[in-house]
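Here are the chains, one letter per residue:
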Amino acid sequence: MYLIFHALKNIVRNKGRYMLIGTVLIICLTSITVSAMIHFTTETVIDDYSDRFGASVCFTPDLRKLLALTKPDEKGMFHNPEITTEQYLAFSKSDAVKNTLFQGSRQTYSDGLMGLDQGGEENFYASGGWESMGFTDSTDAQSGNVQRQAPNTVVLGYSDYSLMEDFTQGLRELDEGSFFKASGECMVSRDFADLNGLKPGDQLELQDVNNTEVGPLRLIVCGIYLDITTPQPNGGDWALNNRRNEILTSFSTLEDHSTFGLYVTAVYYLKNPGLAADFERYVRENGLHEVYNVNVDAESYNRIVKPVESLKSISTAFLVVILIVGCLILILLSMLGIRERKYEIGVLRAIGMPKAKVAYGLICESVCIMILCLCIGLCAGSLIAQPVSDRIMKEQTDLVEQRPQADYGDIISSTSGINENPTALQEVDIILMPESIAFTAVISLVLGLLTNITGIFYITRYEPVKILSERG
């Protein structure tokens, strides 16, 4: 206790020297507080945005590769190599993928249902003109031609509601019941429901026209939606083309029924654009034809996350510079201060005070100053951290908007994120987190010990007689 009181008296006695050291410490600790607050806050924001958004990936054919690596059919037409349903599903298992949005479709037929625009002449088609439609096979005994059952409904499966763009665009709206949630639930249009007398709770039994070996797909109507989309967007008057005949359900419902005959499209979201090369390597190993380019939407991701990552990097670099400069200044001041107090320390050593207690007294003085400077530094840092962050954030956002984003391959901009619409961050709310306080406190302790150890080593290596003989 005596050493503590003695340390406090020494601080008052040498207030000029300690005011200089305190000023340097306050500047250092304020800067460290600002850097720590920005670092830990931006780290949280980056993790949060990375969890909610990703860099979307899709596959597009390269025309030059298509012409060079594939051959035309008998009509001179080139066809893109098939990406099978199994491949789409396998690609989603890459470690680089954060999330995958699947959309599947299945052409179905039911004797108990009537499709809008369904006519008698549509029941069967000769195989010669309709092989590309993929209708189920049956045989005409008189002609020997293979004929196929025409679908009167199309079942669409979505892995996420965000893929149902017609609802977000106001072209479709829930009219009765609810959206599908559990496996086996589905939604039908109001026109289709009125034509067939359907209501929520009714059961549907649909046969896949491309896969007669699998049992019928059984669904329960959970909702009915209003539909103002164009009934026949591709022209014609077939039930297959009429969008009011679309039955909406979850992708898992279609997948659980069977993947054979299921037409799938997918959008993959990477954890960050830097994993594009790993993802491309993975999909190539799992059968993606070299005709396809792996296109990563790095622009949308970087527009959101890049300014925050830059802010974090700048704060870290600033912290390192402050620590180096601050340590050098404090070490210099500590050595100068100790040299001025050589006689005082020599007297204490001469009257019998051991080196350990001398060092302890110097450390007590440093700790008292450090605690006071730490409190001031934390308060000052918490006040100026937000303006500093806003200024840096604005500059980095402007740079990202001005700089073309082509670091990770060809860029597309068709995605809006995962389940949400990503918007670029204009500012980050900087808060004084417990991690920031703990980090600054630890750094202040390290600074105090480092500067004192240097000074203590400098003075305690001399014997008391030598110190007193060098007075003046």
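Going by the structure above, here's the rest.
No experiment lies behind these values; they were computed from the predicted model shown. (Residues numbered from 1 in each chain as written. Predicted model: local features only at pLDDT ≥ 70, side-chain atom pairs only at ≥ 80, totals over all residues. Heavy atoms only, no water.)

Peer 1: Where do I start with the pattern of salt bridges in this structure?
Peer 2: Two side chains of opposite charge can pair, provided their charged atoms sit close to one another. Applying the stated criterion across every chain, the model contains 15 salt bridges. The residue arginine 243 makes a salt bridge to glutamate 246 at a minimum N-O spacing of 3.2 Å. Since its relative accessible area comes to 12%, glutamate 246 is described here as buried. Here aspartate 278 ties to arginine 281 by a salt bridge, and the two come within 3.0 Å at their closest N and O atoms. Of this pair, aspartate 278 and arginine 281 both sit in helix α9 (residues 276–285), separated by three residues, roughly a single helical turn. You can call aspartate 278 partly exposed: its relative accessible area is 37%. For arginine 281, a relative accessible area of 46% puts it in the partly exposed group. (Salt bridge = Lys/Arg side-chain N within 4 Å of Asp/Glu carboxyl O. Buried < 20%, exposed > 50% of the residue type's maximum accessible area, 1.4 Å probe, protein only. Helix = DSSP H or I, 4+ residues; strand = E, 2+ residues; numbered from the N terminus.)

Peer 1: Before we go on, may I ask you to explain the nonpolar core in this structure?
Peer 2: Most often, soluble globular proteins keep nonpolar side chains buried together rather than apart. Of all hydrophobic cores here, the largest spans 38 residues; its most connected members are Phe59, Val188, Leu204 and Phe279. In this structure, phenylalanine 279 is in contact with Val57, Phe59, Phe91, Ser94, Ala96, Val97, Tyr268, Leu270 and Val294, ignoring residues within four places of it in sequence. Ranked by size, the runner-up nonpolar core spans 20 residues in total, among them Tyr18, Leu319, Leu330 and Leu333. (Core = buried A, V, L, I, M, F, W, Y, C linked by side-chain atoms within 4.5 Å. Contact = heavy atoms within 4.5 Å.)

Peer 1: Honestly, the layout of surface pockets in this entry has me stumped. Any pointers?
Peer 2: A water-sized probe, rolled over the atoms, reveals where empty space remains. Empty space within the largest pocket amounts to approximately 1000 Å³. Along its surface, the largest pocket is lined by 37 residues, and Ser105, Gln107, Leu262, Tyr263 and Val264 are the ones closest to its centre. Going through the elements one at a time, α4 (85–91), β2 (97–109), β6 (153–158), α6 (165–168) and β12 (263–270) are the ones with two or more residues in the lining of the largest pocket. If one sorts the elements of the lining of the largest pocket by residue count, β2 sits on top with four residues. Partitioning the lining of the largest pocket into residue classes produces 15 nonpolar, 14 polar and eight charged. (1 Å grid on protein atoms, 1.4 Å probe; cavity = no way out; pocket = protein on both sides within 12 Å on 5 of 7 lines; lining within 4 Å. Points joined across faces, edges and corners; volume = space filled by probe spheres on them. Nonpolar A, V, L, I, M, F, W, Y, C, P; charged D, E, K, R; others polar.)

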